[in-house]
Amino acid sequence: MLRLAARARTLGLASAVAIAGLGVAATIPAAAQEATTWHVQVGGGDPNTLSSLNRFYPNDITVHPGDTVAFAWAGFHTVTFNPQPNLSLLDYAFFGTPSASNSLDTPTTFVNGAPSPGGSGPPPAFDLAIGSTLPAGTYHYSCRLHQFMHGVIRVTNGELPSTDAQNQALAAAQQAKDAKDAARLDSRTTREAAHQQGEATVGVSDRVAEFVKFYPTNITINAGDELTFTTRDLHEPHTVTFGEEPDPNNPFGQVFPSGTGNPNAYDGTSPLNSGFLFHQSQYDYWNLTHSILSAAVPRTHFSVTFTTPGTYDFYCALHGARIPDPANPGQFIVVGMSGHITVLPAQGDEGGGNH
Ligand SMILES: [Cu+2]
């Protein structure tokens with residue numbers, strides 16, 4: 001579902017935009033203006049660093065009735081006004097929402113836009129029409145996947161505080177700041193992971209930035225010692241998966257624990273899938289109670305104890321993959337969100353060097 005390929009994004013914003021002149025308000029009266037198209041970039045980040053910025057750029061704009069807001073996808077998100085109590089993330093993002101409109105005609109109109117999953121190339125912008133009779137007011141929308149990703153459209157019949165170009169410049173500056181903060185989160189987490197013993201981190205986030213990575217990527221552990229994976233990502237779920245992909249014919253095959261491998265005495269090669277690692281707040285935000293995944297249990301930890309020295313690959317079945325190795329027929333490699341574990345002999349087997 002949320003495969004890396006589906007997250008392909010294009011960042012339309014120039015990296016350096018002059019923000020001089022932002023204090024100049026547009027003073028043209030509403031009646032004299034043509035309908036305007038406003039631009040919002042939905043998310044950001046850099047797939048090369050496995051990072052996402054889960055924010056609308058800009059996330060607060062003021063428009064007139066009759067205007068259009070063009071939402072350009074830069075990541076896997078939804079644009080949802082007035083979410084419905086009986087719908088879940090799966091409906092908003094994957095299954096479709098036939099009752100949704102793409103025109104905000106009343107304060108309670110249900111609007112839902114999502115990039116069509118599975119397509120190749122960047123999906124077209126989601127153009128939201130602001131109804132010509134929509135009352136002045138403040139209208140909230142959100143991404144139904146990323147629980148802190150919210151935006152506001154203020155509708156006024158009076159003067160507008162800024163132009164689309166001014167909004168874009170502010171948004172570019174915000175995005176540059178977010179990218180800087182994200183880089184700090186990544187290096188801090190990398191540093192911390194270097195000191196962890198018997199622990200690994202499965203994705204990390206703050207309220208905006210998210211890294212779909214394992215920390216560390218290369219783990220060393222002794223046979224017989226427990227290794228615990230913990231998610232620190234409040235945005236998206238992850239799995240810890242060894243061996244072949246869980247039921248490739250089932251689009252939700254990764255969600256539940258599976259495989260013949262025994263995590264308490266694991267040989268490193270049998271299929272073993274943790275199932276989704278995620279938080280209760282995510283279960284609630286995604287409204288999974290009203291979905292075919294209602295039985296999924298929010299768990300944030302997965303522990304595994306290896307029996308056999310060797311080197312083993314693992315991956316997130318959602319953000320990574322195990323694919324045939326082009327250089328070695330019959331062999332496999334892991335790509336995207338993935339890592340490697342070196343299992344050393346049990347400490348008692350090392351010849352008593354340090355006791
Ligand atoms: Cu993942």
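Located above this text is the structure these notes cover.
To start, this report covers the structure provided alongside it. Numbering of residues starts from 1 in every chain and runs along the sequence as written. At least 70 in pLDDT is required for a residue's local features to be given in this predicted model, at least 80 for side-chain atom pairs to be given and counted, and no such filter applies to totals for whole chains, interfaces and linings, which use all residues. Side-chain metrics in this entry use all non-hydrogen atoms of the structure; hydrogen atoms and water are not considered.

## A look at the nonpolar core
Heads up, the rule is: Note on terminology: a nonpolar core comprises buried Ala, Val, Leu, Ile, Met, Phe, Trp, Tyr and Cys residues joined through side-chain atoms within 4.5 Å. For every residue, the accessible area obtained with a 1.4 Å probe (protein chains only) is divided by the maximum for its type, and the residue is called buried under 20%, exposed over 50%, and partly exposed between those limits. Contacts were defined at the residue level, with two residues in contact if any of their heavy atoms lie within 4.5 Å.
Core analysis: the largest hydrophobic core is formed by 65 residues, its most contacted members being Phe71, Leu128, Ile153, Phe229, Phe306 and Ile341. Not counting residues up to four positions away in its chain, the partners in contact with Phe71 are Val40, Val42, Val79, Ala125, Phe126, Leu128, Tyr141 and Ile153. Counting eleven residues, the second largest nonpolar core, distinct from the first, contains Tyr57, Ala209, Phe211 and Tyr215.

## Some words on the coordination of the copper ion
Selection criterion: Note on donors: an N, O or S atom is included if it sits within 2.8 Å of the metal, or within 3.2 Å for Na, K and Ca, and water is never included, so sites can look incomplete. Just to be clear on the cut-offs, tetrahedral is four donors with all angles between 85 and 135 degrees, square planar is four donors and octahedral six with opposite donors over 155 degrees apart and all others between 65 and 115, and anything else goes down as irregular. Helix and strand assignments come from DSSP, with helices taken as H or I runs of at least 4 residues and strands as E runs of at least 2, each series counted from the N terminus.
Protein ligation of the copper ion involves His238 (ND1), Cys316 (SG), His319 (ND1) and Met337 (SD), the donor distances falling in the range 1.9 to 2.8 Å. Geometry at the copper ion is irregular, judged from its four donor atoms and the angles of 84 to 135° they form at the metal. One chain supplies every donor for the copper ion, spaced along it as H-x77-C-x2-H-x17-M. In this pair, His319 is assigned in strand β18 (residues 310–324) and Met337 in strand β19 (residues 332–344), connecting sequence segments 18 residues apart. His319 gets classed as buried once you look at its relative accessible area, which sits at 1%. The class of Met337 is buried, set by a relative accessible area of 0%.

## Section: the packing of aromatic side chains
Here the distance between the centres and the angle between the planes together describe a pair of aromatic rings. Just so we agree on the cut-off: Under the pairing criterion, centres of Phe, Tyr and Trp rings, with the six-membered ring standing for Trp, must be within 6.5 Å; the plane angle then separates stacked pairs below 30 degrees from edge-to-face pairs above 60, leaving the rest tilted. By definition here, charges over rings are those cases where NZ of Lys or CZ of Arg is within 6 Å of the ring centre and within 35 degrees of the ring normal.
Scanning the entire structure with this criterion turns up 18 aromatic pairs. With a centroid separation of 5.9 Å and an interplanar angle of 75°, the aromatic rings of Phe242 and Phe306 are classed as edge-to-face. Placement of the pair is Phe242 in strand β15 (residues 241–242) and Phe306 in the loop between β17 (301–305) and β18, with a sequence separation of 64 residues. Like Phe306, Phe242 is buried. Residues Phe276 and Phe278 carry aromatic rings whose centres are separated by 6.3 Å and whose planes lie at 80° to one another, so their mutual orientation is edge-to-face. Here Phe276 falls in the buried class, since its relative accessible area comes to 6%. Its relative accessible area of 0% is what places Phe278 among the buried residues. Joined through ring pairs, the aromatic side chains of Phe214, Phe229, Phe242, Tyr266, Phe306, Tyr312 and Phe314 make up one cluster. Here Arg144 stacks its cationic end above the ring of Tyr285, 4.4 Å away from the centre of that ring. Its guanidinium or amino end placed over the ring of Phe332, Arg322 lies 3.9 Å from that ring's centre, counting from NZ or CZ.

## Let's talk about the sheet that holds strand β6 (residues 103–104)
For clarity, the cut-off: Think of it this way: DSSP has to see at least two bridges between two strands before they count as a pair. For helices, the axis comes from a line fit to the C-alpha atoms of the stretch in contact; other axes are also lines fit to C-alpha atoms, and the angle between any two N-to-C directions lies between 0 and 180 degrees.
Taken in spatial order, the nine strands make up an open sheet running β6-β8-β4-β1-β2-β12-β11-β14-β17, and their pairing is mixed. Bordering the open sheet on either side are β6 and β17, each of which pairs with just one other strand. Where strand β1 (residues 37–46) lies against strand β2 (residues 51–57), five bridges are found, and the strand directions are antiparallel. Among the inter-strand pairings, Gln41 is bridged to a residue of β2, identified as Tyr57. Set on the sheet, helix α2 (residues 164–194) makes contact with β1, β2, β11 (199–205), β12 (209–215) and β14 (226–232); between it and β12 the angle comes to about 25°.

## Thoughts on the environment of Thr230
To keep it simple, the criterion reads: By the criterion applied in these results, polar contacts are pairs of N or O atoms within 3.5 Å in which, for protein atoms, one can donate a hydrogen and the other can accept it, and in which residues neighboring in sequence qualify only through two side-chain atoms.
Considering the arrangement of structural elements, one finds Thr230 in strand β14. For the pair formed by Thr230 and Thr260, sequence separation is 30 residues and the distance between their alpha carbons is 22 Å. Once residues within four sequence positions are removed from consideration, Thr230 is found in contact with Ala200, Thr201, Val202, Thr300 and His301. Within polar-contact distance, the side chain of Thr230 engages the side chain of His301 at 2.9 Å.

## Side note on the pairing of β1
The buried fraction of β1 amounts to seven of the ten residues, a majority that puts the element mostly inside the structure. Joining the antiparallel neighbours β1 and β2 is a turn of four residues, in which Leu50 adopts a positive phi near 55°.

## Let's talk about the side chain of Thr62
Within the fold, Thr62 resides in strand β3 (residues 60–63). According to the relative accessible area criterion, Thr62 is buried, its value standing at 14%. Leaving out residues up to four positions away in the same chain, Thr62 has contacts with Trp38, Arg154, Thr156, Leu160 and Pro161.

## Describing the pattern of salt bridges
Quick reminder of the rule: Criterion for a salt bridge: a side-chain nitrogen of Lys or Arg within 4 Å of a carboxyl oxygen of Asp or Glu.
Summed over the entire model, instances satisfying the criterion amount to six salt bridges. Between Asp60 and Arg154 there is a salt bridge, with the nearest N and O atoms lying 2.8 Å from each other. Of this pair, Asp60 sits in strand β3 while Arg154 sits in strand β10 (residues 150–155), and the two are 94 residues apart along the sequence. Taking relative accessible area as the criterion, Asp60 reaches 34% and is therefore assigned partly exposed. Two residues, Arg232 and Glu192, come together in a salt bridge whose shortest N-O distance is 3.3 Å. Linking Arg232 in strand β14 with Glu192 in helix α2, this pair joins segments that are 40 residues apart in sequence.

## Concerning the pairing of strand β4 (residues 68–73)
Where β1 lies against β4, six bridges are found, and the strand directions are parallel. Of the residues in β4, the one forming a bridge with Val40 is Phe71. Relative to strand β8 (residues 126–130), β4 runs antiparallel, the two sharing four bridges. Within the sheet, the bridge partner assigned to Val69 lies in β8 and is Leu128.

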